[in-house]
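# Chains, contacts and geometry: an overview
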Amino acid sequence: MDRHERTVTLRSGVKIGPGQPCFVVAEIGNNHQGDFSLAKRMVEEAARAGVQAVKFQKRNMEALLTRAGREAAYSGRNSFGATYGEHRLALELSVDEMAKLKEFTESLGLVFFASCWDEPSLDEMGALNMELLKVCSADLVNVPLLRRYGETGVPIILSTGMSAFEDIDIAMAELRRYHQDIVLLHCNSTYPCAEEHIGLPVMESLRERYNVPVGYSGHERGIAPSVAAAALGACVVERHFTLDRTMKGTDHQASLEPAELALMVSMIREVEQAMVIKGKKVFPEEQSAAKKLRKSIVFSRDLPAGHVLTEADLTTRSPWVGISPVHWDEVLGATVKRPVKHEEPLQWDLLSLIPAVGSNVATS
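### Digging into the packing of aromatic side chains
- Within the structure shown, the criterion is met by two aromatic pairs.
- Aromatic side chains Tyr 74 and Tyr 84 sit 5.1 Å apart centroid to centroid with 65° between the ring planes, which places their arrangement in the edge-to-face category. Here Tyr 74 is found in the loop between α3 (67-71) and α4 (84-90), whereas its partner Tyr 84 is found in helix α4, with ten residues between them in sequence.
- Accessibility expressed as a relative area gives 25% for Tyr 84, which makes it partly exposed.

Structure follows, in structure tokens:
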């Protein structure tokens, strides 16, 4: 299949790929602070902003971290616990809460999915009958977990932050052992990411190398690179989402607030409309403008009948009601059939043309 025809179709009928509306994802992640009511409100605000999907994250601390990692001291203004394990656990929603959020999200017509950072989390989320899963950039090189993802048979979005092409080659080979429903996201995993490090043209390299739909997961502060990604053909644009960038937590600074998310979605849809026409076309509205704004050849002075035209006898003026200046060379040397006035538009029926030109003259 040609890469321009490839799409990934979700169980709900949503299609991700070239020629489809950009699949805009609000990455809620852990910005809900472990609060179910806040998470539900974020889903509502994301839906109001016009996204097609919301994404969460799921972790099992014992499967994710070593004991030393769980017990490591973790302090600072963004800490939710005395140790890193306590901090991470405080940001988790239960599987039951995730199930309720999935039901609520789908009632709003959005796709619900998650990145699962370990095998128990993948099993738990898989039991919720997910139609889409996300492999985070951190696990792109986690071959055992990639195989578990593949075994689910569920379409996969794979982020490529922190990864060289050689890493992505391995991940794609593993996932393709199970199915071809894979979407790659170009990503720089710096939070927030400097604009000069984003590298949007890398998306085209991913398309050419892997022949799958490609999108963009952005961690910049603003929205311009994400909109530009859509203009460059991103099939997915994913951005972290928060209700308030000043909230406690490390992801909020690289997240969009509701008004910003809504503006980004609106701009992406405008860009999509601007990309519909592929060939040069003159629209009826432009033709009306041309009549007003383009110029005609007019006489630069009064002339008698029988006068042979030179450049000194002619000039151009708006509106376009006579012969277009595109025919300037054709009318030079012609003879006027009757007396003409200053600024009178030149018309073909006023002229006796020299034979070589007269046989091919146009009327506009």
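### Quick notes on the pattern of salt bridges
- A full pass over the atoms with the stated rule returns 18 salt bridges.
- Where Arg 148 meets Asp 123, a salt bridge forms, and the shortest distance between an N and an O atom there is 2.5 Å. With Arg 148 in helix α7 (residues 143-152) and Asp 123 in helix α6 (residues 119-126), the pair connects residues that are 25 residues apart, well separated along the chain.
- A salt bridge links Glu 344 to Arg 338, with the nearest nitrogen and oxygen atoms 2.7 Å apart.
- Residue classification places Glu 344 among the buried positions, given a relative accessible area of 16%.
- Ionic contacts of the salt-bridge type, sharing partners, join the residues Glu 119, Asp 123, Arg 148 and Glu 151 into one network.

### Comments concerning the sheet that holds strand β5 (residues 111-116)
- With parallel pairing, eight strands are arranged side by side around a closed barrel as β3-β4-β5-β6-β7-β8-β9-β10. Going across the sheet, the axis of each strand differs from the next one's by a mean of 25°, ignoring polarity.

### Some points on the nonpolar core
- Grouped together as the largest cluster of nonpolar side chains are 77 residues, with contacts concentrated most on Phe 23 and Phe 56.
- Ranked by the residues each element gives to this core, the list is headed by helix α1 (residues 36-49), at six residues.
- Among the nonpolar cores identified, the runner-up in size contains 15 residues, and Ile 297, Ala 334, Leu 346 and Leu 351 belong to it.

### Observations regarding empty space enclosed by the protein
- This structure, assessed with the given rule, holds one cavity of 30 Å³ or more.
- There is about 40 Å³ of room inside the largest cavity.
- Among the secondary structure elements, those contributing two or more residues to the lining of the largest cavity are β8 (182-187) and β9 (214-218).
- Across the lining of the largest cavity, the residue classes break down as four nonpolar, four polar and one charged.

### Considering a nonpolar patch on the surface
- Where nonpolar side chains cluster on the molecular surface, the patch consists of Val 276, Ile 277 and Phe 283 and spans about 250 Å² of accessible area.
- Within the element layout of this structure, Val 276 appears in the loop between α11 (258-274) and α12 (284-293).

### Overview of the side chain of Asn 30
- Checked against the element boundaries, Asn 30 lands in the loop between β3 (23-29) and α1.
- Reaching out from Asn 30, the side chain makes a polar contact with the backbone oxygen of Leu 91 at a distance of 3.3 Å.
- If sequence neighbours within four positions are ignored, Asn 30 has contacts with Gln 57, Arg 59, Arg 88, Leu 91 and Glu 92.

### Structural notes on the packing of α6 against α7
- Packing of α6 against α7 brings their axes to within 10 Å, and their N-to-C directions diverge by 10°. As judged from the angle between their axes, α6 and α7 are roughly parallel. Contact residues: Glu 119, Leu 122 and Asp 123 in α6; Pro 144, Leu 145, Arg 148, Tyr 149 and Thr 152 in α7.

### Some words on unusual backbone geometry
- At the junction of Tyr 191 and Pro 192, the peptide bond is cis and its omega measures out at -15° in the coordinates.
- By the secondary structure assignment, Pro 192 is in the loop between β8 and α9 (202-210).
- The phi angle at Gln 33 is positive, at roughly 60°, despite the residue not being glycine.
- Secondary-structure assignment places Gln 33 in the loop between β3 and α1.
- Despite not being glycine, Glu 343 has its phi angle at roughly 70°, a positive value.
- Relative to the helices and strands, Glu 343 resides in the loop between β13 (335-336) and β14 (351-352).

### Considerations on the state of the cysteines
- For the structure on display, the rule yields zero disulfides.
- Distance from the sulfur of Cys 193, which forms no disulfide, to the nearest cysteine sulfur (Cys 187) is 8.2 Å.
- The exposure class assigned to Cys 193 is buried, which follows from its relative accessible area of 5%.

Calculation notes
- Each chain carries its own residue numbering, running from 1 in the written order of its sequence.
- Selection of residues for local features in this predicted model requires a pLDDT of at least 70, selection of side-chain atom pairs for listing and counting requires 80 or more, and totals for whole chains, interfaces and linings are taken over all residues.
- Processing note: side-chain calculations cover all non-hydrogen atoms of the structure and skip hydrogens and water entirely.
- Centres within 6.5 Å are what make two rings of Phe, Tyr or Trp a pair, Trp counting through its six-membered ring; a difference in plane orientation under 30 degrees is then read as stacked, over 60 as edge-to-face, and the rest as tilted.
- Numbered from the N terminus, helices here are DSSP runs of H or I no shorter than four residues, and strands are runs of E no shorter than two.
- Think of it in three bands: with a 1.4 Å probe and only protein chains considered, a residue is buried below 20% of the maximum accessible area for its type, exposed above 50%, and partly exposed in between.
- What counts as a salt bridge is simple: a side-chain nitrogen of Lys or Arg found within 4 Å of a carboxyl oxygen of Asp or Glu.
- Only strands that DSSP links by at least two bridges are regarded as paired with each other.
- For every element, the axis is a line fit to its C-alpha atoms; helices are fit only across the contacting stretch, and the angle between N-to-C directions ranges from 0 to 180 degrees.
- By nonpolar core we mean a set of buried residues, namely Ala, Val, Leu, Ile, Met, Phe, Trp, Tyr and Cys, connected to one another through side-chain atoms within 4.5 Å.
- A cavity, in this analysis, means grid points on a 1 Å lattice covering only the protein atoms where a 1.4 Å probe fits yet has no way out; a pocket is instead an open set bounded by protein on both sides within 12 Å along at least five of seven lines, and a residue lines either one if it has an atom within 4 Å of a point.
- Grid points are joined across faces, edges and corners, and a volume is the space filled by probe spheres set on the points.
- Each residue is assigned to one class: nonpolar for Ala, Val, Leu, Ile, Met, Phe, Trp, Tyr, Cys and Pro, charged for Asp, Glu, Lys and Arg, and polar for all the others, Gly among them.
- Without a salt bridge and with relative accessible area above 30%, a residue can belong to a patch; like charges are then joined within 9 Å and nonpolar side chains (Val, Leu, Ile, Met, Phe, Trp, Tyr) within 5 Å.
- The protein chains shown are the only cover counted for residues, whose accessible areas, like all others here, come from Shrake-Rupley with a 1.4 Å probe.
- Contacts described as polar in this section are N or O atom pairs within 3.5 Å, which, within protein, must combine one atom able to donate a hydrogen with one able to accept it, while residues neighboring in sequence count only if both atoms come from side chains.
- Residue contacts follow a heavy-atom distance rule, with two residues in contact if any of their heavy atoms lie within 4.5 Å.
- Convention used here: angles under 35 degrees read as roughly parallel, angles over 145 as roughly antiparallel, angles from 65 to 115 as roughly perpendicular, and any remaining angle as oblique.
- Any two cysteine sulfur atoms within 2.5 Å of one another count as a disulfide.

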